Amino acid sequence: MNRFKSKERIEQAVRAHGDMLLKICFTMLGNRYDAEEIVQETFIAYMVNDKEFCDTEHEKAWLIRVAVNKSKNALRYRNKHTYVNLDDVQEVAASEDKQEMLAEVMRLPAKIKTAVHLHYYEGYSCKEIGAIVGATEAAVKKRLQRGRELLKNILGGDEYEG
């Protein structure tokens, strides 16, 4: 049995989930180049993984979990502080309003920014985020609450609504 996925299946997964994974990794890592590398590593893991997925949502959740874990590993080995290149922020964010918000989200602690990104940018529920990152639903809710509080203090306005 061939262990690798077909070229068409890989291309379909890249088209369907590549941009989303790039945004998640960029949010966690703070720069486009590291994020692109993690996305590539994620799709390499996908290519050689012989796991059969129940449906596209299961596949998407698996890809997110791998990308988040690989991003966490990259952060563990990083020797310097995260450098946020504003050109990269402008490239990834759709509008000027979202650029400022994304820049602030990227400055949040890793666990909080992951929860904020998956909930507000990708639309996942607290339960789904918990399953993806290996936390309880209550822990995810607390991370979202803390993220809203931090963003409110930083931006000096109403709590973040997404």
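Residues numbered from 1 in each chain as written. Predicted model: local features only at pLDDT ≥ 70, side-chain atom pairs only at ≥ 80, totals over all residues. Heavy atoms only, no water.

(A) Fine view of the overall build of the protein chain. Looking only at helices and strands, the protein chain has eight helices and zero strands in total. Helices (α) and strands (β) of the protein chain occur, in sequence order from the N terminus, as α-α-α-α-α-α-α-α. By the burial criterion, 43% of the 162 residues in the protein chain qualify as buried. (Helix = DSSP H or I, 4+ residues; strand = E, 2+ residues; numbered from the N terminus. Buried < 20%, exposed > 50% of the residue type's maximum accessible area, 1.4 Å probe, protein only.)

(B) Main features of the packing of helix 1 (residues 7-29) against helix 6 (residues 110-121). Between helix 1 and helix 6, the least distance of the axes is 9 Å, while the angle of their chain directions is 155°. As the angle between them shows, helix 1 and helix 6 are arranged roughly antiparallel. The interaxial crossing formed by helix 1 with helix 6 has right-handed handedness. Between helix 1 and helix 6, the residues in contact are Lys-23, Ile-24, Thr-27 and Met-28 and Lys-113, Thr-114, His-117 and Leu-118, respectively. (Axes fitted to C-alpha atoms, helices over the stretch in contact; angles between N-to-C directions. Parallel < 35°, antiparallel > 145°, perpendicular 65-115°, else oblique. Left-handed = near helix turned anticlockwise from the far one by under 90°. Contact = heavy atoms within 4.5 Å.)

(C) Quick look at the layout of surface pockets. Of the pockets and cavities examined, the second largest pocket occupies roughly 160 Å³. Lining the second largest pocket we find Arg-9, Gln-12, Ala-13, Ala-16, His-17, Tyr-46, Phe-53, Cys-54, Asp-55, Thr-56 and Glu-59. Contributing elements (two or more residues each) for the lining of the second largest pocket: helix 1 and helix 3 (56-77). Considering each element in turn, the lining of the second largest pocket owes the most residues, five residues, to helix 1. A breakdown of the residues in the lining of the second largest pocket according to their chemical character gives five nonpolar, three polar and three charged. (1 Å grid on protein atoms, 1.4 Å probe; cavity = no way out; pocket = protein on both sides within 12 Å on 5 of 7 lines; lining within 4 Å. Points joined across faces, edges and corners; volume = space filled by probe spheres on them. Nonpolar A, V, L, I, M, F, W, Y, C, P; charged D, E, K, R; others polar.)

(D) Region of interest: the environment of Lys-127. Note on placement: Lys-127 falls in helix 7 (residues 126-133). For the pair Lys-127 and Glu-137, spaced ten residues apart in sequence, the C-alpha to C-alpha distance is 5.0 Å.

(E) Main features of the packing of aromatic side chains. If you walk through the whole model with that rule in mind, you get four aromatic pairs. When the centroid spacing of 6.3 Å and the interplanar angle of 55° are considered together, the rings of Tyr-46 and Trp-62 count as tilted. Of this pair, Tyr-46 sits in helix 2 (residues 32-48) while Trp-62 is found in helix 3, placing the two residues 16 residues apart along the sequence. Judged by its relative accessible area of 0%, Tyr-46 is buried. (Phe/Tyr/Trp six-rings, centres within 6.5 Å; stacked < 30°, edge-to-face > 60°.)

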